[in-house]
Amino acid sequence: MSDRRRQRRIGGRLPLVLLLPALLGLAFLLVPLIGLLAQAPWSTLPSRLFSEEVGQALRLSLVCASSATVICLLLGVPLAWLLARAEVPGRGLIRALVTVPLVLPPVVGGVALLLVLGRRGLIGQHLDTWFGISLPFTTAGVIVAEAFVAMPFLVISVEGALRAADPRYEEAAATLGAGRWLTFRRVTLPSIAPGIVAGAVLCWARALGEFGATITFAGNLPGRTTTMPLAVYLALETDPDVAVVLSVVLLAVSVVVLACLRERWISGLR
Amino acid sequence: MSDRRRQRRIGGRLPLVLLLPALLGLAFLLVPLIGLLAQAPWSTLPSRLFSEEVGQALRLSLVCASSATVICLLLGVPLAWLLARAEVPGRGLIRALVTVPLVLPPVVGGVALLLVLGRRGLIGQHLDTWFGISLPFTTAGVIVAEAFVAMPFLVISVEGALRAADPRYEEAAATLGAGRWLTFRRVTLPSIAPGIVAGAVLCWARALGEFGATITFAGNLPGRTTTMPLAVYLALETDPDVAVVLSVVLLAVSVVVLACLRERWISGLR
Amino acid sequence: MTLYADLKVTRGSFELDLELTVEPGEVVALLGPNGAGKTTALRAIAGLLPVTAGQIRLDDEVWDEPPRVFRSADRRPIGVVFQDYLLFNHLSAVENVAFGLRARGMEKRVARAEAAQWLDTVGLTDQARSRPRALSGGQAQRVALVRALATQPSLLLLDEPLAALDASTKLHVRAELGQHLSRYDGRTLLVTHDPLDAMVLADRLVIVENGRVVQEGGPTEIARRPRTEYVAQLVGLNLYRGVAEGTTVVLDGGGSLTIATPSSGPVYVAFPPAAVSLYPERPTGTPRNTWPMVVSGIEQHAHTVRVRLTPDPSATQDRAAPAVLLADITTAAVADLHLTPGQRLHATLKATETQTYPT
Amino acid sequence: MTLYADLKVTRGSFELDLELTVEPGEVVALLGPNGAGKTTALRAIAGLLPVTAGQIRLDDEVWDEPPRVFRSADRRPIGVVFQDYLLFNHLSAVENVAFGLRARGMEKRVARAEAAQWLDTVGLTDQARSRPRALSGGQAQRVALVRALATQPSLLLLDEPLAALDASTKLHVRAELGQHLSRYDGRTLLVTHDPLDAMVLADRLVIVENGRVVQEGGPTEIARRPRTEYVAQLVGLNLYRGVAEGTTVVLDGGGSLTIATPSSGPVYVAFPPAAVSLYPERPTGTPRNTWPMVVSGIEQHAHTVRVRLTPDPSATQDRAAPAVLLADITTAAVADLHLTPGQRLHATLKATETQTYPT
Amino acid sequence: GSDTPAASPSSPSSSSASAISGTVTVFAAASLTGTFTQLGKDFEAAHPGVKVVLNFAGSSALAQQINQGAPVDVFASAAPKNMDQVTDKGTPVVFVKNKLEIAVPKGNPAKITGLTDFADKDRKIALCAEQVPCGAAAKKVFEMAKITPQPDSLEQDVKAALTKVGLGEVDAALVYKTDVVSAKDKVDGIEFPEADSAINDYPIATLTNAKNPDGGKAFVDFVLSDRGKTVLTEAGFAAP
Ligand SMILES: Nc1ncnc2c1ncn2[C@@H]1O[C@H](COP(=O)(O)OP(=O)(O)OP(=O)(O)O)[C@@H](O)[C@H]1O
Ligand SMILES: Nc1ncnc2c1ncn2[C@@H]1O[C@H](COP(=O)(O)OP(=O)(O)OP(=O)(O)O)[C@@H](O)[C@H]1O
Ligand SMILES: [Mg+2]
Ligand SMILES: [Mg+2]
């Protein structure tokens, strides 16, 4: 689309009163990153980048964040639906409780997970004796910790989308003989797809950056539980420059993934 | 509404295939909290609760999280609108960049803020010499750090809501002579209110639980920058029980605030 | 199996209290002005709104009976066409139609083929792959129609199914629909405010006003003997209520008129607008009813002109005229009379043209 | 100031190419079948869709002229009533109406008072504080109507403004609208597929089919001399195109008929369905056109029955009949003839009833 | 914990290098990241076939994890207090000590000379919070020196304080000598006499329910060996 055509856009000029805060907001989010990039030791970057540990941590981060997002989608979307559509007693309280892992400092979240799913925890001890499953200090533990921290983002986003969606389409589906599950799958889900995408992005990004709960619950074992944020933490202990480099790598990967993924998803949906 | 009436609900029975994961999700989010509550030293709780420091930290947390949310709303909603409605070149990239503070380990985020807004930072040095404003180690610094970390949640939620909203209402407003700003205020905003509420809740909760960026950027001085998460973290170092108590207090407050606020907002909007 | 519905629904200050039966193969039209509660009744029967009291059943299969029974919409064998279509925007036309078939367990390929056939029958073969947003209003309406028909429901509920269709398409789709409905051995409930649709498609009309049934019967019966002003306007008749004494009826709304058959007590008097003749001067012929009137409105119809008349306030010598009188005359007559609003003229009505029936 | 619109819009495979002018005080109706591009044209003029080529201007105030000029909707002095209302769900009816006034800078209290008055004029005083969701379909439509009228626009654009109204309300609102439009000194463009609305409200009709203008003119002119089948059906006429030689016209669609006035070359022949008579046996009277036909459809209208006829395939001795013939007869005649679909009978048409005009 | 006398270290080569095998899991304080990574590699080299798994985090978090049943053989804590929190700690041994030092930005732009500058309100000062070892040590130092510090921030750990010094956000901070050494291209260290009064002990222990007690014992011995001492002192630690 040429510049000229853009001038002829339908909505008229962008109002300054919206444009100004929008740009300010953008600057606020981006300038610190620029600061970070400016400080990164670019000359030594490549050598540090292609070490085995970085690759391992990056791979682990992506795998865990993606797995956690999948878990969150599987559990969180139904939960959001329950909160938005079903008439559950005490829904307001449940909704508030769902946001709790957001407020909990992640380290405390990790402690809470240990208390419940640790080898001596409420549930963990049974998992251990009955099934021989022990989550802490495993990659599965990382996924659990990330899912725990990230799920509220998904639930709240999706619930918001559900509330904004027109319930009469679900009625139309019901009159066509579709039960709640079919209606949910074929009518509700597609119509709230943008909300789900937004929620999944939040969820994935949050999981990718998760640190406190992970190190507390899953420990920091290279190749098994050391994700990028943990590697950054360790690097801060020894060499802050490396930490900056690692952060930049993490950012770059996430930006690339999100830019590709979301633009495609969104355009596919519209 | 009596149980009997509830039985007669319109949508039919809740499908197990949705209910099961929903309940599983709920349990996953809530059981760790129960673990935490079970471990809390309830007998000594009151004495620990009513200390001056706890009150101070709690007040500071609420003030800072709320202020950060307001800033995020003022800057983030226009930004979301820009991303959803205006035809900006490279929008996909901008959208991905906006999520970056999510992925950034908070400590690194704090470092990035220091690099830009610190005493010797890109912008901070000018703020200092020209206006005598220095953000680090102040309450304002806490707010800035929290806003930085929390804004992406708002932006992404609101953008999702904007994409799901029917743009033809905006067209109708335009034909009635409303410019973009008026349309935005009187038509767009009310119709995406649930999305904004969801985003603000995420934002507030995230700000309330913010730890890494805050302590890195704003430091930790009781009464000025020690928010609850910082108090919790330090308490963990000496007495985990106290940390649990403090966490529980933080959770309780946030649950109460969210339960009251959201139920009222949402019911007011529908 | 008869559909029996005794609907009592309260929505805010609006109260619906309606009794309805629909026999198999029968098409019942629910006619009424805006806000009469037609959509509300339809939603209750569809299972989208529980009734407050009463009962809905298909023979002895109870669908809704507070406080015990409520069968949800998806477990009622119904098809619904909504007033504003509610097509699924993320599905193509053919997928929309296939939706109900798939919900009833039909295999995907089969469902799509059948859906495509249905679209064929309403002339939308080319639009089968279009999304609803790319369909025009009428095209969308037709997709909604076949979407509901495709599942072969026991009860078909139509909320203004032809409202958005243009005249030529409407003729075609109405005829189509008529054929489907006559072949269809289920029950049909048609909500409409187009009398033509109701008259053409329905076996029986139920007229609702303000949540209550005001008249019920076959199209001809209702067309001949309207019981409320709304119904009269619907069928294009002048209708008055009054008290008869011999051949004179004193109208409730003011004025009086002479009828052919002597009668007594409260009656309805009805006559078509075409039975009213207009004269610039007072005529001297046989018509028993002659009133000085003023033109208050003129409407050009396709072949005739409908003139709305009110009593001439300056005239006193004559018997009082009815408060409102409609007359249908030809375009030529309009030209002859130089008809303009505010003009005074004389209206005559032969007593033999009136229909009188007790209230 | 005249509205001049030369609209060229491409939407997917659909192409609109339309020229339109609307004079001050004039009401132009854009009539056409579903999918003809009426809404598309209206959106382009409203500024909701830039034209691909062409120009839109109000006298010399250019609104849209690619590639340079595009004036957005909010800076065009227009009022629009949308096909599906688009009332703001979070505002009450009165706030919806006040919206445009407030957008034009009116003080809140004044705007609300004026909006309330507007609602009064369409009989919605009681619904002023209702949210759109609590309004019935027709009530919502009326709110949308006054919302557009309230800002006193230079150009009023109406997309099927009366489609969802019931018969009695429609009469009332149509009359109301007619009054507003006659008092209104701006330009009005009315999109509709209801010929009655168009005939009653418009000064000039523009008939669009498939994105192109097929006929244009005053209501009477168009009603008498339709140029396409769509228009003919619209005004309830039988219309054929054929080649005349003397008093015989060989129809393009098959069959031939005799006309009264000799003519030659390509012509249109039109006659009302009422001019067609039906007989169970072959009649021996004067009508010059007699065809054996088969009943293919029957529709009950308020006062007459419309019969759709197709040529009787088993009859050979007569001259070929037109492919489709419509006949209007009385209910009594239906009973006499025991009319049922598939029945064979004879149709006659007096040559003097036909209208012939060159293509 | 600090009451434990130094155990007599047997030379790493003397004892049964062949007897140990499998994986040795070591939980070590974050401040040992550099040194223990190095020692782990050396240990693996000295005992082929043995794998050292290192888990670095804050000492208190590690103590929590161990108490929640983490599979661990050796715990090296940055403070005796955290070692005390561990229930089945066996017999801890102090393997290094760490001393406080004043850290200032490179070139010392604020001209900090000693502890007295910490009482200057106009200077930006960062200390560790009392709850963490370096904060406790700092408190002791200031009590000894009878100085009331005027901190602008009480950091949650040494690294946070050091980051702020490195970025010039604060004019001075009290941190460990090892930290100054590790960040020597960003900060300068200033020693002060009172530091000797608050020396921090690092205890290490093989846990009683270790999965690989032999391996754990061997690793502890290795840390206490000469090779271990060399690595640790190079990083700025003092021998116990
Ligand atoms: N959700 C609601 N809450 C409260 N009142 C409602 C609601 N929906 C409809 N009503 C009211 O119920 C009455 C009947 O509405 P309904 O939609 O059934 O009318 P209708 O006969 O279908 O009219 P139309 O022909 O205009 O569609 C109206 O007075 C309307 O204001
Ligand atoms: N967004 C779109 N993208 C592609 N094609 C479209 C779009 N909107 C409409 N069309 C097509 O443009 C044509 C004209 O549509 P339009 O809505 O203007 O018809 P209309 O005359 O208003 O019909 P109706 O009387 O049914 O409302 C139709 O063929 C339709 O399929
Ligand atoms: Mg309705
Ligand atoms: Mg249209």
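Note that the coordinates shown come from a computational prediction; the quantities given were computed from them, not determined experimentally.

Residues and elements named next belong to chain C. The 6 strands lie next to each other as β7-β8-β9-β3-β10-β11, forming an open sheet whose pairing is mixed. On the outer flanks of this sheet lie β7 (78-81) and β11 (212-217), each paired with one strand and no other. Pairs of neighbouring strands in the sheet enclose a mean axial angle of 15°, with direction left out of account. Bridge analysis of strand β3 (residues 27-31) against strand β9 (residues 187-192) gives 5 bridges, and the strand direction is parallel.

Residues at a pLDDT of 70 or more form 92% of chain E, whose mean pLDDT is 84. Note on residues 1-17 of chain E: pLDDT is under 50 here. Beyond four places in sequence and across chains, it has 13 contacts.

Time to look at the interface of chain B and chain A. Between chain B and chain A, the contact holds 95 residues from the first and 95 residues from the second. The junction of chain B with chain A conceals about 8,700 Å² of combined surface from both sides, 81% of it contributed by carbon and sulfur atoms. For the interface between chain B and chain A, the tally reads 0 salt bridges. At the surface where chain B touches chain A, the tally comes to 0 residue pairs in polar contact (both at pLDDT 80 or more). The dominant element in the side of chain B that touches chain A, judged by the number of residues it contributes, is helix α2 (residues 16-39) of chain B, at 18 residues. Classifying every residue of the side of chain B that touches chain A gives 71 nonpolar, 12 polar and 12 charged.

Another point: the site of ligand 2. Taken together, 19 residues are adjacent to ligand 2, and Ala134(C), Ser136(C), Asn34(D), Thr39(D) and Thr40(D) come closest. Looking at what sits near ligand 2, you find residues from chains C and D. Between ligand 2 and the protein, one listed contact pairs an oxygen atom with a side-chain N or O atom of Lys38(D) at 2.8 Å. Its free accessible area being 640 Å², ligand 2 has 83% of it covered by the protein chains. Secondary structure elements with two or more residues in the shell around ligand 2: α4 (137-149) of chain C together with α1 (38-46) of chain D. Residues that form the shell around ligand 2 fall into these classes: 4 nonpolar, 11 polar and 4 charged.

Reading the values: the criteria
Residues numbered from 1 in each chain as written. Chains lettered and ligands numbered in written order. Predicted model: local features only at pLDDT ≥ 70, side-chain atom pairs only at ≥ 80, totals over all residues. Heavy atoms only, no water. Pairing = 2+ DSSP bridges. Helix = DSSP H or I, 4+ residues; strand = E, 2+ residues; numbered from the N terminus. Axes fitted to C-alpha atoms, helices over the stretch in contact; angles between N-to-C directions. pLDDT = per-residue confidence, 0-100. Contact = heavy atoms within 4.5 Å. Buried area = accessible area lost by both parts, 1.4 Å probe. Salt bridge = Lys/Arg side-chain N within 4 Å of Asp/Glu carboxyl O. Polar contact = N/O pair within 3.5 Å; in protein donor to acceptor, adjacent residues only side chain to side chain. Nonpolar A, V, L, I, M, F, W, Y, C, P; charged D, E, K, R; others polar. Near = heavy atom within 4 Å. Areas by Shrake-Rupley, 256 points an atom, 1.4 Å probe, with all protein chains shown as cover.

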